Amino acid sequence: MNKKSVVKNLALLIIFAVVSQSCGLLGLGGGGYDDRGELVGVPDREGWEMTIPFGMVSVPPGTFHMGQADEDVAATQINFNKQITIGGFYMDDTEITNNEYRQFVVAMSEGSEVDMPEGITLEDIYPDTAVWVRDYTHHMGDPMMVYYWSHPAFDNYPVVGVDWESAQAFCDWRTEHLNSYRADQGLFRMPNFRLPSEAEWEYASRGGRDMAKYPWGNPYIRNTKGCLLANFKPGRGNYFDDGFAYTAPVATFFANDFGLYDMSGNVAEWCEDAFDEASVPLVWDLNPTYNDDNEPRKVIRGGSWKDIAYYLETGTRTFEYKDTSRASIGFRCAMTYLGRSTGSEF
C-alpha cells in the first residue's frame with residue numbers, strides 16, 4: 001500500500017469516527033454514551049454537598065445510653081436505660097422565636113409555596129395568646145397575653161401557644177420555602193425540616209456527654225459563681241433567681257457541647273414521637289421513634305420556665321395532647337443528614 005492510500009484511509013477513518021459520534025454510535029454524542037456493555041451508572045450526575053441551613057448546628061452521629069440519668073423521683077418507670085445509635089442530623093441552635101414563627105404566619109396569610117394541611121386553618125396556626133391567662137388560675141397574665149406575641153420587645157423570645165399540629169405545619173412550610181428557592185437556583189432539594197424524634201432530642205441535649213443529668217453535665221444547676229444555668233423554677237414561688245420571671249430571650253444561657261441553647265428550661269419542646277409509657281422497650285435501638293397516629297399524646301422534653309429542676313433533666317419524659325397549646329411549650333426543628341458519616345463532616 002502506497003503512502004497516498006494510507007493517508008486516504010486514515011482520512012476516511014476520522015470522518016467515520018466523527019459521524020459515528022454525532023449519531024451516538026461511539027463515545028458521547030446525540031445524548032447517548034458508550035458503556036461498552038458494562039454497568040457504569042448514569043453519567044453527568046451533579047455532585048451533592050449537604051449545607052447547614054441557617055440557624056442550625058450539626059449533631060454528629062453516635063451511640064449513647066438513653067434513659068433516666070438520675071433517680072426516678074416520680075417513680076414513673078417509663079424511661080429505663082437503653083443503649084441506642086443516632087444518625088447525624090442538623091438541629092436549630094435555639095427554639096423557634098416569635099419573629100421566626102411570624103414569618104411563617106405572614107407567608108401563609110399572603111399565600112405561600114405550601115398549602116395549609118387538611119383540617120388546619122390560618123386561625124389554627126396563629127399562636128394562642130390566651131394561654132397566658134388560661135393556664136394559670138388567678139394570675140395577672142394580661143400584659144403577657146397582649147404583648148408577648150405582638151410586640152417587637154419579644155421578637156427574640158421563644159414562640160409559645162403553638163400546638164403540635166401547628167409545629168408540623170411550620171416544618172412543612174419551612175421545607176418548601178427553602179426548596180422553592182433552591183429549585184430556582186437549579187439546586188437539589190434539601191431534606192425536610194421536621195420535629196426531632198424523642199431519641200434525637202435526648203441525644204442532642206446531652207451534647208456528647210453520655211448519661212449527663214443536664215445539658216451542661218452533672219450534677220448541679222448552678223455554676224461556681226452561684227448563677228443558675230437555665231431558666232426554670234428553682235424553688236416554691238421563686239421564678240426570678242435566673243433573671244427572668246417568664247421566658248428568656250433565646251441563647252441567653254450557655255450552649256451545650258453541640259452548640260445548642262436552652263435544651264433545658266425556657267420552654268419545653270415538642271418532639272415527633274407519640275407518647276406511650278411502654279415505648280422505650282418497643283422501639284428499635286437504631287434511630288428509634290415511636291409513631292402512633294391514633295395516640296393524641298405527643299412527647300415534650302426539656303422543661304420550661306415554670307418547671308422544677310426534675311423536668312430539666314435530659315432523661316425526664318412527659319407529654320401533652322397534640323391539639324393543646326401552652327404558655328410553656330415551644331419547639332425547634334431538625335433535618336436528617338444525608339450520607340454516611342464518621343463525624344468528620346461535622
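Structure's up top.
Nothing here was measured: the structure is a model prediction, and the numbers come from that model.

How each quantity is defined
- Residues numbered from 1 in each chain as written.
- Predicted model: local features only at pLDDT ≥ 70, side-chain atom pairs only at ≥ 80, totals over all residues.
- Heavy atoms only, no water.
- Pairing = 2+ DSSP bridges.
- Helix = DSSP H or I, 4+ residues; strand = E, 2+ residues; numbered from the N terminus.
- Contact = heavy atoms within 4.5 Å.
- Axes fitted to C-alpha atoms, helices over the stretch in contact; angles between N-to-C directions.
- Patch = residues over 30% accessible without salt bridge, like charges linked within 9 Å, V, L, I, M, F, W, Y side chains within 5 Å.
- Areas by Shrake-Rupley, 256 points an atom, 1.4 Å probe, with all protein chains shown as cover.
- Salt bridge = Lys/Arg side-chain N within 4 Å of Asp/Glu carboxyl O.
- Core = buried A, V, L, I, M, F, W, Y, C linked by side-chain atoms within 4.5 Å.
- Buried < 20%, exposed > 50% of the residue type's maximum accessible area, 1.4 Å probe, protein only.
- Parallel < 35°, antiparallel > 145°, perpendicular 65-115°, else oblique.
- Nonpolar A, V, L, I, M, F, W, Y, C, P; charged D, E, K, R; others polar.

**Here we look at the sheet that holds strand β5 (residues 193-194)**
Turning to step 1, where the next piece is worked out: As summarised here, the arrangement of the four strands in space is β1-β4-β10-β5, forming an open sheet in which the pairing is antiparallel. The open sheet terminates on both sides in strands that have one partner only, identified here as β1 (56-59) and β5.
Turning to step 2, where the next piece is worked out: Two elements, β1 and strand β4 (residues 89-92), share four bridges in a ladder whose sense is antiparallel. From the neighbouring strand, V59 faces β4, where its bridge partner is F89.
Turning to step 3, where the next piece is worked out: Seen against the sheet, helix α7 (residues 198-206) touches β1, β4 and β5 and runs at an angle of roughly 75 degrees to β4.

**Thoughts on a nonpolar patch on the surface**
Turning to step 1, where the next piece is worked out: On the surface, W48, F188 and L338 cluster together into a nonpolar patch covering about 260 Å² of accessible area.
Turning to step 2, where the next piece is worked out: Mapped onto the fold, L338 is located in the segment after β10 (334-336).

**Topic: the nonpolar core**
Turning to step 1, where the next piece is worked out: Ranked by internal contacts, the top residues of the largest apolar core, which has 32 residues, are Y101, F104, F170, W270, F331 and C333.
Turning to step 2, where the next piece is worked out: For this core, the secondary structure elements donating two or more residues are α2 (98-110), α6 (164-184) and β6 (268-274).
Turning to step 3, where the next piece is worked out: At six residues, the largest contribution of residues to this core is made by α6.
Turning to step 4, where the next piece is worked out: When sequence neighbours within four positions are dropped, the list of residues in contact with C333 reads M56, Y90, M91, D92, I96, F170, C171, R174, F193 and R194.
Turning to step 5, where the next piece is worked out: Counting 20 residues, the second-largest nonpolar core is a separate cluster that includes V59, F89, L260 and C271.

**Observations regarding the environment of L195**
Turning to step 1, where the next piece is worked out: Within the secondary structure, L195 sits in the loop between β5 and α7.
Turning to step 2, where the next piece is worked out: Residue L195 is classed as buried on the basis of its relative accessible area of 1%.
Turning to step 3, where the next piece is worked out: Sequence separation between L195 and A334 is 139 residues; the distance between their C-alpha atoms is 5.7 Å.
Turning to step 4, where the next piece is worked out: Ignoring anything within four residues of it in the chain, the contact list for L195 reads W164, A167, Q168, C171, W270, C271, E272, F331 and R332.

**A look at the pairing of strand β2 (residues 62-66)**
Turning to step 1, where the next piece is worked out: Only one face of β2 is covered, namely the one carrying G62, F64 and M66; the face carrying T63 and H65 has none of its residues buried.
Turning to step 2, where the next piece is worked out: Note: β2 against strand β3 (residues 82-86), five bridges, orientation antiparallel. Its bridge partner being in β3, T63 is matched across the sheet by T85.

**Section: α7**
Turning to step 1, where the next piece is worked out: In terms of burial, α7 is a largely internal element, nine of the nine residues being buried.
Turning to step 2, where the next piece is worked out: Of the positions making up α7, those classed as buried are E198, A199, E200, W201, E202, Y203, A204, S205 and R206.
Turning to step 3, where the next piece is worked out: Trailing α7 by a residue or two, G207 shows a phi angle of about 60 degrees, which is positive.

**Regarding the sheet that holds strand β8 (residues 318-321)**
Turning to step 1, where the next piece is worked out: Strand order across the open sheet formed by four strands is β8-β7-β6-β9, with mixed pairing between neighbours. Of all the strands in the sheet, the pair left with one neighbour each is β8 and β9 (329-330).
Turning to step 2, where the next piece is worked out: Pairing analysis gives two bridges linking β6 to β9, with the strands arranged parallel. Counted as the bridge partner of A268 is I329 from β9.
Turning to step 3, where the next piece is worked out: Along the sheet, α6 makes contact with β6 and β7 (297-301), crossing β6 at roughly 85 degrees.

**Regarding the environment of M211**
Turning to step 1, where the next piece is worked out: With respect to the helices and strands, M211 occurs in the loop between α7 and β6.
Turning to step 2, where the next piece is worked out: Placed 147 residues apart in sequence, M211 and F64 show a C-alpha to C-alpha distance of 7.7 Å.
Turning to step 3, where the next piece is worked out: Beyond its immediate sequence surroundings of up to four residues, M211 is in contact with H65, Q68, A69, N81, R206 and N218.

**Quick word on the pattern of salt bridges**
Turning to step 1, where the next piece is worked out: This structure, assessed with the given rule, holds 18 salt bridges.
Turning to step 2, where the next piece is worked out: Salt-bridge contacts for K213 lead to D70; the nearest nitrogen and oxygen are separated by 2.6 Å. A residue pair is termed long-range when its members are at least 10 positions apart, and K213 in the loop between α7 and β6 and D70 in the loop between β2 and β3 qualify at 143 residues.
Turning to step 3, where the next piece is worked out: Using a relative accessible area of 13% as the deciding quantity, one classes K213 as buried.

**Let's talk about the packing of α2 against α6**
Turning to step 1, where the next piece is worked out: Here α2 crosses α6 at 80 degrees, and the two axes come no closer than 10 Å. By the angle class used here, α2 and α6 are roughly perpendicular. Residues E100, Y101, Q103, F104, A107 and M108 of α2 form the contact with α6, whose participating residues are S166, A169, F170, W173 and H177.
Turning to step 2, where the next piece is worked out: In terms of residue class, the contact of α2 with α6 is built from seven nonpolar, three polar and one charged.

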